[in-house]
Amino acid sequence: MTGKQIAIIGGGPAGLMAAETLSQSGHAVTIYDAMPTFGRKFLLAGKSGLNITHSEDYSRFATRFGAATANLRSALEGFTPDDVRAWAFGLGTETFVGTSGRVFPIAMKASPLLRAWLRRLESRGVNFRSRHRWTGLDGSHLVFDTPGGSLQVSCDAVLLSLGGASWPRLGSDGEWSGILTCNGVDIAPLRPANCGFDVGWSTVFKDRFAGAPLKSVKVTSEAGSFSGEFVVTRHGIEGSLVYAHAAALRDRLELGQAADLVVDLVPGRDAARLAQDFARQGGKASLATRLRKAAGLEGVKAALLREIVPEAAQLRPEAVAMLIKGLPIPLVSPRPIAEAISSAGGIRFTALDDRFMMKALPGVFAAGEMLDWEAPTGGYLLTACFATGRAAALGLVEWLASHSPTTR
């Protein structure tokens, strides 16, 4: 051992990957986490099948991170989706590519992979300290709130991987943003990402259809057009198809602009044919009957059209056909960040050097969802957490080699 003491604060995917990298550097590594166990968000993300990365061509994969793409490129190139799969295989977890291109462990669970990972880290000398909530800096010391009271810790370098502000019950509550702001670090406001939206449903509609899926639809916004399904909730809409549009829709709402999610209820039919089929039904039949016979619409799809356009029964066939092919759902607001799959915002890349060290806090590095980036679901989030954890750890090792740090 070199005698250098490294503290990693946050035991999620980014922190554990940083520990993986640092455990091979010869330095003494301790991971601190506020929760009773490590990797809790990782486990919950894998509850219904751990989507560990994506198999699409890397040149396409690397563009999925929006405005932060250029800032993340070097980290992603250092730990690509292929590297993620090889890393998992090294822990005894084989993976497969699903029909959507997403990559999953064959066991479809996160727990076997996490257990093997923690065992390997322990065998490499990594120390784990649970129930240690980081509360700030006191001069050169880290301060933690523990079951035994306040604790001050000295170390030679620090790597923060405290997550964003989604799923706070699992530990990522975003409280670190206030601590870092007080220490001169520029933080972009934390916002919901991959989130649902509120819609002003009528009481009748939400009482009858909350929980109902809209299947085999195509949805369009400024983010593009994607096919799949989403779910009506009492508050509005949720689901992976909604999440694919969340960033664009959230940004419009934050600017005070109208934001509509435009739904094609029958992607396999063209508007002209629909108008002809609808006209043949005549005007005496009810709207529900005409929708069912002309377009195959019933249940939640037919109800959604009537909910959005109450006067649809009086419209001409051509107008009804256009609504079926492009029904605008007016959104009110994103759901709260605590309900979101992930969060946007965080430490601005301008506040970091090229080693992921904070310029205002020499010797303090950051990784994972703490950084100001966002990505769609589909394995992109987890891969970027792994990649930035590794990159920040390598930056920390490089910094230690070129500095004689004063123990924090």
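Parameters at a glance
- Residues numbered from 1 in each chain as written.
- Predicted model: local features only at pLDDT ≥ 70, side-chain atom pairs only at ≥ 80, totals over all residues.
- Heavy atoms only, no water.
- Pairing = 2+ DSSP bridges.
- Helix = DSSP H or I, 4+ residues; strand = E, 2+ residues; numbered from the N terminus.
- Axes fitted to C-alpha atoms, helices over the stretch in contact; angles between N-to-C directions.
- Core = buried A, V, L, I, M, F, W, Y, C linked by side-chain atoms within 4.5 Å.
- Buried < 20%, exposed > 50% of the residue type's maximum accessible area, 1.4 Å probe, protein only.
- Contact = heavy atoms within 4.5 Å.
- Salt bridge = Lys/Arg side-chain N within 4 Å of Asp/Glu carboxyl O.

J.: Help me understand the sheet that holds strand β9 (residues 149–153) in this model?
T.: In any sheet, the strands associate via hydrogen bonds between backbone groups, in a parallel or an antiparallel arrangement. Reading across the sheet, the three strands line up as β7-β8-β9 and stay open at both edges, with antiparallel pairing between neighbours. Lying at the two open borders of the sheet, with one neighbouring strand each, are β7 (133–138) and β9. Pairs of neighbouring strands in the sheet enclose a mean axial angle of 30°, with direction left out of account. Inspection of the sheet shows β7 paired to strand β8 (residues 141–146) by five bridges, in the antiparallel sense. In the sheet register, Gly136 faces β8, and the bridge partner there is Val143.

J.: For this particular structure, what's the right way to read the pairing of strand β14 (residues 224–232)?
T.: Along a regular strand, successive side chains alternate from one face of the sheet to the other. Here strand β13 (residues 213–221) runs beside β14; their pairing, made up of seven bridges, is antiparallel. Bridge assignment links Val217 to a residue of β14, and that residue is Gly228. Summarising the sheet, β14 and strand β15 (residues 236–238) pair through two bridges and their orientation is antiparallel. Each bridged residue has a counterpart across the sheet, and for Val232 the counterpart in β15 is Ile237. Between β14 and β15, which pair antiparallel in sequence order, lie three residues.

J.: Is there a simple way to explain the nonpolar core in this structure?
T.: What tends to happen in soluble globular proteins is that the nonpolar side chains get buried as a cluster. Counting residues in each nonpolar core, the largest one holds 80 residues, and the members touching the most others are Trp87, Leu180, Ile347, Met358, Trp373 and Phe386. A per-element tally of this core places helix α15 (residues 380–402) first, with 13 residues. Each residue touching Trp373, except ones within four places of it in the same chain, is listed here: Phe65, Ala68, Leu72, Ser343, Ala344, Gly345, Phe349, Gly368, Leu381, Ala384 and Cys385. Leu297, Ala302, Ala321 and Leu323 belong to the second-largest nonpolar core, a separate cluster that totals 46 residues.

J.: Hey, could you run me through the environment of Val332 in this one?
T.: Here Val332 lies in the loop between β17 (327–330) and β18 (333–334). Using a relative accessible area of 53% as the deciding quantity, one classes Val332 as exposed. Residues Val332 and Arg85 lie 247 residues apart in sequence; the distance between their C-alpha atoms is 40 Å. In this view, Val332 contacts Asp198, Val199, Gly200 and Leu253; residues no more than four positions away in its chain are not counted.

J.: Even after reading the chapter, I still don't get the pattern of salt bridges, so can you show me in this structure?
T.: Think of it this way: side chains of opposite charge can pair up when their charged atoms draw near. By the definition in use, this model includes 21 salt bridges. Linking Lys41 and Glu369 is a salt bridge whose minimum nitrogen-to-oxygen distance equals 3.3 Å. Of this pair, Lys41 sits in helix α2 (residues 40–45) while Glu369 sits in the loop between β20 (364–366) and α15, placing them 328 residues apart in sequence. As far as the burial class goes, Lys41 and Glu369 line up, both buried. For Arg355, the salt bridge goes to Glu398, with nearest N and O atoms at 3.7 Å. Residue Arg355 is found in the loop between β19 (342–347) and β20, and its partner Glu398 is found in helix α15; the two are separated by 43 residues along the sequence. Judged by its relative accessible area of 47%, Glu398 is partly exposed.

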